[in-house]
Amino acid sequence: MKRELPLFICALMGITMIIQYFIPHPYSIKFYQTVIGWFIIIMTFAFVLGIMSIARVHWNKVSRKQKDWFYSLVALISLSVTLFVGFAFGIERGKPFMLIFEYIQVPMESTMFSLLAFYIASAAFRTFRARTFEATLLLIAAVIVMLGRVPIGYMISSKIPAISGWILDIPNLAAKRGIMIGVGLGSISMGLKIILGVERSWLGTIGGE
Amino acid sequence: MEMVWITISALLTLAIFSFLYKDNPIYKFAEHLLVGASAGYYFVIYFFNSVKPNLIDEVVKNHHLIPLIPGFLGFLILFRLSRKYGWLSRWSIAFYIGTGMGIYIPVAMQANIIEQLRGTMVETGKVGEPPLFNISSFSLLFSDFNWHNLILAINGPILIIGVLCTLAYFFFSKPHKGALGKFAKVGITFLMVGFGASFGYTVMARVSLLIGRMDFLVNTWFRQLFGL
């Protein structure tokens, strides 16, 4: 009951949804839309679980006055305030919830990503040493693509943007397609293993079972 | 009032940039603020965009009881935190994973495999353009030999060889020796060019974000603050 029923539900839903894909009947499409609606509702509860887990971790830190507990308090307060203004005032443009998003979340997220410009540059300095043939290729491709996307590249040679475009469109595309096909085959086989009950790690271990 | 929000935004931007010096309390404060605000933001958005219209409005306004089933399944997932009743959460996870995989498998077959092979061998994906692997481009090359026609003719074969060799590199069921080893070696070459291109592209994207933040600090915040 504790393990068999979940495996049965998983196999039933997986096989049903695969068969549904090949039946373009209105009832089949209606069924698909209903299941997607259910899927999204369950996903939201999974999100609630994630938030409860974050809140629990930070609450434990605060209540036990562990190291850096003050920052956990900051996370809890910012989570509570965002939830409160979202539910109390709504999510329309101009409301406090969207102001928090526009003036706190977006600037901080983009600054976090822009920080990577510095670290990626220092990583490049360490990595891009033309010691082997492959490293040299990596270096040349990166330099040409970077130069091809800024005006100075065109000033050095009018051909650099074209070469950069060719690298992105042909050899880069070939590598990406090879990776995508590999990922596709791998994930399909993993999906089949989960549906058929061969891969069961998603059941997890709960209370020693 | 807008200036207050812009100042908050600028101070938080500077707090994040302070990490360039070293991990410090100001950065940690901003980091935890972001974690809390992001989690709250995504939860509220999910609630208003999916739970409210699909569950609450359906049950309360339209008196449809069927959405209570996913509501109940979703509620069961919360038992994951309980040691005693945690096994109940497996039912909803089973529904979620089974449905997800059932939807994903045919889509992955279509998008990751069939469409990629079609794009490689049959069409470019660009409307009005002939396929990259095209015999007529070779006849054009032999009738009028120049750089443009040469590139046009070899693009298709390079793409196909690149895809096949990259796949050969990821084929680990046999040791990379002999012909397979040579294919895999060519595959590494394509992968390195691909990674280099991706790296260059990512660097430029991050630099453009950095320019955006600097532009905000100097042109939006600093100038408005001092009326310049």
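Residues numbered from 1 in each chain as written. Chains lettered and ligands numbered in written order. Predicted model: local features only at pLDDT ≥ 70, side-chain atom pairs only at ≥ 80, totals over all residues. Heavy atoms only, no water.

**Considering the overall build of chain A**
Next, step 1: Check the secondary structure of chain A and you find eight helices and zero strands.
Next, step 2: When its helices and strands are written in sequence order, chain A yields α-α-α-α-α-α-α-α.
Next, step 3: Relative to its length of 209 residues, chain A is extended, with a C-alpha radius of gyration of 25 Å against a globular reference of 17 Å.
Next, step 4: Out of the 209 residues in chain A, the part that is buried amounts to 39%.
Next, step 5: If you sum the accessible surface of chain A, you get close to 11600 Å²; carbon and sulfur atoms cover 72% of it.
Next, step 6: Positive and negative charge centroids in chain A, built from 19 and 9 side chains respectively, lie 4 Å apart. (Helix = DSSP H or I, 4+ residues; strand = E, 2+ residues; numbered from the N terminus. Rg over C-alpha atoms; globule rule 2.2 N^0.38 Å. Buried < 20%, exposed > 50% of the residue type's maximum accessible area, 1.4 Å probe, protein only. Areas by Shrake-Rupley, 256 points an atom, 1.4 Å probe, with all protein chains shown as cover. Lys, Arg positive; Asp, Glu negative; His and termini not counted. Charge placed at Lys NZ, Arg CZ, Asp CG, Glu CD.)

**A closer look at the overall build of chain B**
Next, step 1: A count of helices and strands for chain B gives seven helices and zero strands.
Next, step 2: Ordered by position from N to C terminus, the α and β elements of chain B give α-α-α-α-α-α-α.
Next, step 3: Here the C-alpha radius of gyration of chain B, 28 Å, is well above what a compact globule of 228 residues would show, namely 17 Å.
Next, step 4: Dimensions of chain B, computed from C-alpha atoms along their principal axes, come out at roughly 70 × 60 × 40 Å.

**Some points on the UniProt feature "transmembrane region" (unreviewed entry) in chain B**
Residues and elements named next belong to chain B.
Next, step 1: On the UniProt side, "transmembrane region" (unreviewed entry) is annotated at positions that read residues 6–21, 33–51, 63–81, 93–114, 150–171 and 183–204 here.
Next, step 2: Structurally, residues 6–21 is divided into 75% helix and 0% strand, and its ends, taken at the C-alpha atoms, are 24 Å apart.
Next, step 3: Along residues 33–51 the backbone is 100% helical and 0% strand, and the end-to-end C-alpha distance reaches 26 Å. (UniProt positions renumbered as here; feature names shortened; annotations may be inferred.)

**Focus on the environment of A:I9**
Next, step 1: Locating A:I9 in the fold gives a position in helix α1 (residues 4–21).
Next, step 2: The sequence separation of A:I9 and A:I91 amounts to 82 residues, and the corresponding C-alpha distance is 36 Å.

**Some words on the interface of chain B and chain A**
Interface size is commonly expressed as the accessible surface area that is lost when the partners come together.
Next, step 1: Tallying the contact residues gives 114 residues for chain B and 110 residues for chain A.
Next, step 2: At the junction of chain B with chain A, the criterion picks out two salt bridges.
Next, step 3: Where the side of chain B that touches chain A is concerned, the elements lending two or more residues are α1 (2–17), α2 (25–60), α3 (68–77), α4 (89–121), α6 (147–169) and α7 (178–225) of chain B.
Next, step 4: Of the residues forming the side of chain B that touches chain A, the biggest block, 28 residues, is contributed by α4(B). (Contact = heavy atoms within 4.5 Å. Salt bridge = Lys/Arg side-chain N within 4 Å of Asp/Glu carboxyl O.)

**Here we look at the domain arrangement of chain A**
Next, step 1: Per the domain assignment, the segments making up chain A are domain 1 (1–64) and domain 2 (128–198).
Next, step 2: Taking the mean C-alpha position of each, domain 1 of chain A and domain 2 of chain A sit 34 Å from one another. (Domains from an automatic or database assignment.)

**Section: helix α3 (residues 69–89) of chain A**
Next, step 1: Look at α3(A): 30 Å from first C-alpha to last across 21 residues, which is about the 30 Å you get at 1.5 Å a residue.
Next, step 2: Taken together, the buried positions of α3(A) are A:Y71, A:S72, A:V74, A:A75, A:L76, A:S78, A:L79, A:T82, A:V85 and A:G86.
Next, step 3: Summarising the contacts, the buried residues of α3(A) are in contact with α2 (26–63) and α4 (96–127) of chain A together with α2 of chain B.
Next, step 4: Where α3(A) terminates, the next one or two residues include A:G90, which has phi positive at roughly 90°. (Expected span 1.5 Å × (residues − 1).)

**Observations concerning the packing of aromatic side chains**
Next, step 1: Scanning all chains against the criterion turns up 23 aromatic pairs over all chains.
Next, step 2: When the ring centre of A:W69 is taken as origin, the NZ or CZ atom of A:K65, which lies over that ring, is 5.4 Å away. (Phe/Tyr/Trp six-rings, centres within 6.5 Å; stacked < 30°, edge-to-face > 60°. Lys NZ or Arg CZ within 6 Å of the ring centre and 35° of its normal.)

**Thoughts on unusual backbone geometry**
Next, step 1: A positive phi angle, near 50°, is found at A:K65, a position not held by glycine.
Next, step 2: You can see A:K65 is positioned in the loop between α2 and α3.
Next, step 3: At B:H63, a position not held by glycine, the phi torsion is positive, near 55°.
Next, step 4: Here B:H63 is to be found in the loop between α2 and α3.
Next, step 5: The class of B:H63 is exposed, set by a relative accessible area of 63%.

**What to know about the packing of α2(A) against α3(A)**
All names here are of chain A.
Next, step 1: Viewed as axis vectors pointing N to C, α2 and α3 meet at an angle of 140°, and their least axial separation amounts to 8 Å. Between α2 and α3 the crossing geometry is left-handed. Residue-level inspection shows I51, A55, H58, W59, K61 and V62 of α2 in contact with α3, the latter providing W69, S72, L73, A75, L76 and L79.
Next, step 2: Split into classes, the residues belonging to the contact of α2 with α3 amount to nine nonpolar, two polar and one charged. (Axes fitted to C-alpha atoms, helices over the stretch in contact; angles between N-to-C directions. Left-handed = near helix turned anticlockwise from the far one by under 90°. Nonpolar A, V, L, I, M, F, W, Y, C, P; charged D, E, K, R; others polar.)

**Structural notes on the UniProt feature "transmembrane region" (unreviewed entry) in chain A**
All names here are of chain A.
Next, step 1: The residues that UniProt annotates with the feature "transmembrane region" (unreviewed entry) are residues 5–23, 35–57, 69–91, 111–128, 135–157 and 177–196.
Next, step 2: Along residues 69–91 the backbone is 91% helical and 0% strand, and the end-to-end C-alpha distance reaches 31 Å.
Next, step 3: The distance separating the terminal C-alpha atoms of residues 177–196 is 28 Å; by composition the span is 95% helix and 0% strand.

**Points about the side chain of B:T166**
Next, step 1: Relative to the elements of secondary structure, B:T166 occurs in helix α6.
Next, step 2: Owing to a relative accessible area of 0%, B:T166 belongs among the buried residues under this scheme.
Next, step 3: Beyond its immediate sequence surroundings of up to four residues, B:T166 is in contact with A:A174, A:A175, A:G178, A:I179, B:G187, B:F190 and B:L191.

**Here we look at the packing of α4(B) against α6(B)**
Residue and element names in this part refer to chain B.
Next, step 1: Their axes nearest at 9 Å, the elements α4 and α6 cross at an angle of 145°. Touching G119, T120 and M121 of α4 are L159, I160 and V163, all from α6.
Next, step 2: Tallied by class, the residues present in the contact of α4 with α6 amount to four nonpolar, two polar and no charged.

**A look at the nonpolar core**
Next, step 1: Grouped together as the largest cluster of nonpolar side chains are 34 residues, with contacts concentrated most on A:W202 and B:F95.
Next, step 2: Mapped by element, the contributors of at least two residues to this core are α1 and α2 of chain A together with α2, α3 and α4 of chain B.
Next, step 3: In terms of residues, this core owes the most to one element, α2(A), which gives eight residues.
Next, step 4: In contact with A:W202, other than residues within four places in its own chain, are A:P6, A:L7, A:C10, A:I194, B:R80, B:R90, B:I93, B:A94 and B:I97. (Core = buried A, V, L, I, M, F, W, Y, C linked by side-chain atoms within 4.5 Å.)

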